[in-house]
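# Structural features, examined
So you can see what is in the structure, the chains are spelled out below.
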Amino acid sequence: MKTSSLGTGLVLLTNRVLNFHSFFERFLSYSHNISVGRDPKTIATALSLSENANSWILGAQIHDHMCKLGFTYDTFSMNNLLKMYCRCGFMCEAFKVFEEMPQRNVVSWSLIISGAAENGEFELCLGSFLDMMRDGLVPNEFTLGSVMKACADVGACGFGWGVHCLSWKLGIEQNIFVGGSTLNMYARLGDISSAELVFEWMEKVDVGCWNAMIGGYTNCGLGFEALSAVSLLNSKGIKMDKFTIVSAIKACSLIRDFDSGKELHGFILRRGLTSTAAMNALMDMYFINDRKNSALKTFNSMQSRDIISWNTVFGGFSDENDAKEIVDFFHKFMLEGMKPNHITFSVLFRQCGVLLDFKIGFQFFSLAVQLGFLDESSVLSSMISMFSQCGLMEMVHSVFDSLVFKPISAWNQIILAYSSNSFDMEAFKTFSNLLRYGVEANEYTYSIIIETACRSENPWMCRQLHCASLKAGFGSHKYVSCSLIKCYILIGLLESSFEILNQLEIVDMATWGAVISALVHQNHIYEAIIFLNILMESGEKPNKFIFSSILNGCSSRAAYHQTKAIHSLVEKMGFGLHVYVASAIIDAYAKCGDIGSARRAFEQSCRSNDIIVYNSMMMAYAHHGLAWEAIQIFEKVRIAKVQPSQATFVSVISACGHIGLVEQGHSLFQTMKSDYNITPSRDNYGCLVDMLSRNGFLYDARYIIESMPFSPWPAILRSLLSGCRIYGNRELGQWTAEKLLSLAPQNDAAYVLLSKVYSEGNSWEDAAKIRKGMTDRKVLKDPGYSRVEI
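Residues numbered from 1 in each chain as written. Predicted model: local features only at pLDDT ≥ 70, side-chain atom pairs only at ≥ 80, totals over all residues. Heavy atoms only, no water.

## Describing the overall build of the protein
Short version of the rule: Each helix is a run of DSSP H or I of at least 4 residues and each strand a run of E of at least 2, with the numbering of both proceeding from the N terminus. Each residue is placed in one exposure class: buried if its accessible area under a 1.4 Å probe, protein chains only, is under 20% of its type's maximum, exposed if it is over 50%, and partly exposed if it falls in between. Contacts: residue pairs with any heavy atoms within 4.5 Å of one another. Here the open area of atoms and residues is found with the Shrake-Rupley method and a 1.4 Å probe, where only the protein chains shown may cover a residue.
The helix and strand tally for the protein stands at 45 helices and zero strands. Looking at the protein residue by residue over its 790 residues, the buried ones come to 47%. For the protein, contacts bridging at least 24 residues in sequence account for 61% of all contacts bridging at least 6. For the protein, the exposed surface amounts to about 40300 Å²; the carbon and sulfur share of it is 54%.

Here is the structure:
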């Protein structure tokens, strides 16, 4: 095997040497022609050869020949030299050539502008365009296209609008290249309505314009609109290319449309459009739809795989048992001679954080240090995030302190690490240090620290951070504004949050969603519905996340009439089959007492075979005491071979507990690990203890509490204490009450339930002592209440 690999390597090396000799011989022949005769076409051909080989060294030698032969005054030759430097990525040399040119024409300006745009020198691009206009030259379609690309890259909306107006003034707005560039610019700037107007106005559109429109919908998160455009393109008889296919697959990923994704996969295979980019997008679509096996089959069938292919696979693993597969795939990755880039390490660290596997994370950390990736801000941020998720704050400090140069992304990650691990004071101190050291905070810094301040519910601190963000110039930024709005809603200052909303020039869907979600979270459901109405009156269409938030609010308030109205609106706007919206509809109807409507909503949406919908219906039945019906839904899950989740077992075990099927419930709990490779969560243990306590298996419930891998929490102890009250177990009740009071001294349930254990066992004196102790410690019992919707 080693000999064969070595032989293959020698063959490849020999071919490369021969190719280089061939290229060099051709270059020498062109050099000879340049030396003998002064032919601009020969120079142009030699420069084109250097450009295609990406060899700026040979190009520089031709440049020397041109200077010796006096071609620096020939605009045609200098333009070709300028193009060669731009294509090879040497913008400093290109700009030097441009500055030294005695005569420049439109092509010269177009080359320097397009070269700057392609090489990420956006300020140079826009500055050169303005200089060109000042010189009185009229830009062509390629110049305008490059400038629009730069506007999209730097988010220069106003500049982009001006360039679009200029294209109208010059009468080239209908040019295919200009139209496509305009479409792409508006779509990338998030102004999809302007992109639609441009598209509708254009007289002739080719597949490139369609791709710009479809890609624009996809980039703006409008998956349904993107697929509708693809369907319309097909109906007009326009052939899709690889770019259309990639955008269409990304749209399927956005809306989790697995069926359309499979159809596109078949179309790709039939038409032979199996480009690497298309297969990468397919893999991503399969992973997003939890079809890991299909994604890996696609990966294994690929004839050529690039670094994006491998990064997609690494990012697709999400289950706890995927840690070994990640290591195996990384081993194959290295054996194939691939070299990890900064995205590879960012993905791997993020996955180790999600899987809470710091042992593998440490190995990747060592490799990243060895390969010199610690200077990459994205790798650094993912690394700090991984250690933070694993709770290794010492490693977070170590990585952060070891940095000689600390970019703002590193400061953001350590503040987020403190915040995520509930070290709020350390987060505030780090933010203060950042400002004291003169580091320029960005919008994400302020967003993170404001979110941290939300938990303190301190109005003074929120206002201080608001003032600081305004002073730093981020007061109207989307992320900062959303965080401030949520913060003010959380502390009850609704008017302040509405003022911030009114001051925003553009309120996008993410901001609307943040406002409505925060209002729902704080039980301001009617205010959230008012904002939904304002959103729709402004001509905007609510998205699936907004509908999910509103329906969750309706379920928490048992607002039946509002639920029916929102359900009608959801169906009208085509969101009825979306998993999270359908789940929220089922839950809302169930909590409003209309189990029949919940069942009908489930029957309409269960065709998606998504476990979230099944879980919602099981929980709905369980809450209504229809335990057998909940168990039947679980049987449907098994028959459909849908992978259950932890929430599935919460519902079905709870149902078993309500009808006394203790053995079946316990058996289901055991199958979580053995049959489905699911590690039981705190909620699963809580349901198991509740089932055992409810049915009199009190000492079994105590054993579960003492042996589970989590420390006891108040809710699980209340379940056992309630069982002790029902079955009159005074001794165990006293033990449980002591545990509960040590965790939550002001918990009224512990006193009330223990008092009932004593009183129902005719121990009136002990019951009176418990009541007196409750009074002495000033523990107040929350009063019961009922709500009636009129």
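Now that the structure has been shown, we can carry on.
## Focus on the packing of helix α28 (residues 478-490) against helix α29 (residues 494-503)
This is how it is decided: Axis geometry follows a simple rule: fit a line to the C-alpha atoms, using only the stretch in contact for helices, then measure angles between N-to-C directions, giving values from 0 to 180 degrees. Roughly parallel means an angle under 35 degrees; roughly antiparallel means over 145; roughly perpendicular covers 65 to 115; every other angle is labelled oblique. Each crossing is labelled by how the near helix is turned from the far one, with a counterclockwise turn of less than a right angle marking it left-handed and a clockwise turn marking it right-handed.
Put simply, α28 and α29 touch, their axes get as near as 7 Å, and they point 160° apart. By the angle between their directions, the pair α28 and α29 is classed as roughly antiparallel. The handedness of the crossing between α28 and α29 is left-handed. When α28 is examined against α29, the residues S481, L484, I485, Y488 and I489 are found in contact with a partner set consisting of L494, S496, S497, I500 and L501.

## What to know about the environment of S50
Its place among the elements puts S50 in helix α2 (residues 40-52). For the pair formed by S50 and A60, sequence separation is ten residues and the distance between their alpha carbons is 9.2 Å.

## Some remarks on the pattern of salt bridges
Inclusion rule: We define a salt bridge as a side-chain nitrogen of Lys or Arg found within 4 Å of a carboxyl oxygen belonging to Asp or Glu.
Counting across every chain of the model gives eight salt bridges. Close ionic contact of R188 with D153 constitutes a salt bridge, the shortest N to O distance being 2.1 Å. Note that R188 is positioned in helix α10 (residues 176-188) and D153 in helix α8 (residues 141-154), a separation of 35 residues in sequence. Overlapping salt bridges bring together K149, D153 and R188 as one network.

## A short note on the UniProt feature "repeat: PPR" (unreviewed entry) in the protein
Basically, it comes down to this: UniProt positions are given in the numbering used here, feature names are shortened, and annotations may be inferred rather than shown by experiment.
Using the residue numbers shown here, the UniProt feature "repeat: PPR" (unreviewed entry) corresponds to residues 74-108, 306-340 and 610-644. Spanning residues 74-108, this segment combines 74% helix with 0% strand, and its end C-alpha atoms are found 12 Å apart. With 74% helix and 0% strand, residues 610-644 has end C-alpha atoms that lie 9 Å from one another.

## Some words on the nonpolar core
Basically, it comes down to this: Residues enter a nonpolar core if they are buried and are Ala, Val, Leu, Ile, Met, Phe, Trp, Tyr or Cys, with the set joined through side-chain atoms within 4.5 Å.
Membership of the largest hydrophobic core comes to 228 residues, with the highest contact counts inside it found for L183, F349, I550, M617 and F649. In terms of residue count, helix α16 (residues 276-288) provides more of this core than any other element does, eight residues in total. For M617, the contacting residues outside a window of four places in its chain are I586, I595, A598, R599, F602 and I633.

## Focus on the packing of aromatic side chains
For the record, the criterion: Between 30 and 60 degrees the pair is tilted, below 30 it is stacked and above 60 it is edge-to-face, where a pair is any two Phe, Tyr or Trp rings, Trp via its six-membered ring, whose centres lie within 6.5 Å. By the criterion adopted, a ring carries a charge over it if an Arg CZ or a Lys NZ lies within 6 Å of its centre and within 35 degrees of its normal.
Enumeration over the complete set of coordinates arrives at 28 aromatic pairs. An angle of 80° between the planes, with centres 4.9 Å apart, marks the rings of F299 and W310 as edge-to-face. Of this pair, F299 sits in helix α17 (residues 292-301) while W310 sits in helix α18 (residues 307-316), and the two are eleven residues apart along the sequence. Its relative accessible area of 1% is what places F299 among the buried residues. Take W310: its relative accessible area is 1%, and that puts it in the buried class. Cluster of aromatic residues (ring-pair linked, three or more members): F299, W310, F314, F329, F330, F333 and F364. Sitting over the face of the ring of F258, R291 holds its NZ or CZ atom 4.1 Å from the ring centroid. Above the plane of the ring of F400 lies K406, whose end atom (NZ or CZ) is 5.3 Å from the centre.

## Examining helix α31 (residues 525-537)
Since the α-helix turns once every 3.6 residues, residues separated by three or four places project in the same direction. Heads up, the rule is: The span one expects for a helix is its residue count, reduced by one, times 1.5 Å. This arc is built from the directions going out from the helix axis to the C-beta atoms.
With 13 residues, α31 should cover 18 Å at 1.5 Å per step; its first-to-last C-alpha distance of 18 Å lies within 8% of that length. Turning to α31, its buried residues are I525, A528, I529, F531, L532 and L535. Projected down its long axis, α31 carries its buried residues within an arc of 160°, all on one side. In this fold, the buried residues of α31 make contact with α29, α30 (509-521), α32 (544-557) and α33 (560-572). Following α31 by one or two positions, G539 adopts a phi angle in the positive range, close to 95°.

## Regarding the side chain of S309
Tracing the chain through its elements places S309 in helix α18. In this structure S309 touches T276, N280, M283, F299 and M302, once residues within four positions along its chain are discounted.

## Here's the deal with the environment of H567
Summarising the element assignment, H567 is placed in helix α33. For the pair H567 and L551, spaced 16 residues apart in the sequence, the C-alpha separation amounts to 8.3 Å. Apart from the residues within four sequence positions on either side, H567 is in contact with I585 and Y589.

## What about helix α22 (residues 377-389)?
The terminal C-alpha atoms of α22 lie 18 Å apart, and with 13 residues this matches the ideal 18 Å at 1.5 Å per residue to within 8%. Considered for burial, the residues of α22 that qualify are V379, L380, S381, S382, M383, I384, M386, F387 and S388. Against the buried residues of α22 lie α20 (342-355), α21 (358-370), α23 (393-401) and α24 (408-420). Immediately downstream of α22, the backbone of G391 shows phi near 75°, a positive value.

## Re the packing of helix α4 (residues 75-87) against helix α6 (residues 106-118)
The condition is simple: Note on residue classes: Ala, Val, Leu, Ile, Met, Phe, Trp, Tyr, Cys and Pro are nonpolar, Asp, Glu, Lys and Arg are charged, and everything else, Gly too, is polar.
Their axes nearest at 10 Å, the elements α4 and α6 cross at an angle of 5°. What the angle tells us is that α4 and α6 run roughly parallel. Of the residues in α6, those touching α4 at T75, N79, L82, K83 and C86 are V107, S108, L111, I112 and G115. Split into classes, the residues belonging to the contact of α4 with α6 amount to five nonpolar, four polar and one charged.

## As for unusual backbone geometry
Positive phi values are uncommon outside glycine, yet A558 reaches one of about 50°. Judged by its relative accessible area of 29%, A558 falls in the partly exposed class. Residue K641 is not a glycine yet carries a positive backbone phi of 55°. Residue position: K641 is located in the loop between α37 (627-639) and α38 (646-658). The class for K641 is exposed, based on a relative accessible area of 77%.

## Structural notes on the environment of T75
Looking at the element boundaries, T75 is found in helix α4. Along the backbone, T75 and S108 are 33 residues apart, and their C-alpha atoms lie at a distance of 8.2 Å. Dropping the residues within four chain positions of it, T75 is found in contact with M101, Q103, N105 and S108.

## Overview of the confidence of the model for the protein
Using the following cut-off: Residue-level confidence of the predictor is what pLDDT reports, using numbers from 0 through 100.
With 86% of its residues at a pLDDT of at least 70, the protein reaches an overall mean of 79. In this model, residues 1-21 is a region of pLDDT below 50 whose contacts with residues beyond four sequence positions or in other chains number zero contacts. The model gives residues 30-37 a pLDDT under 50, and that stretch makes 13 contacts with residues more than four places away or in other chains.

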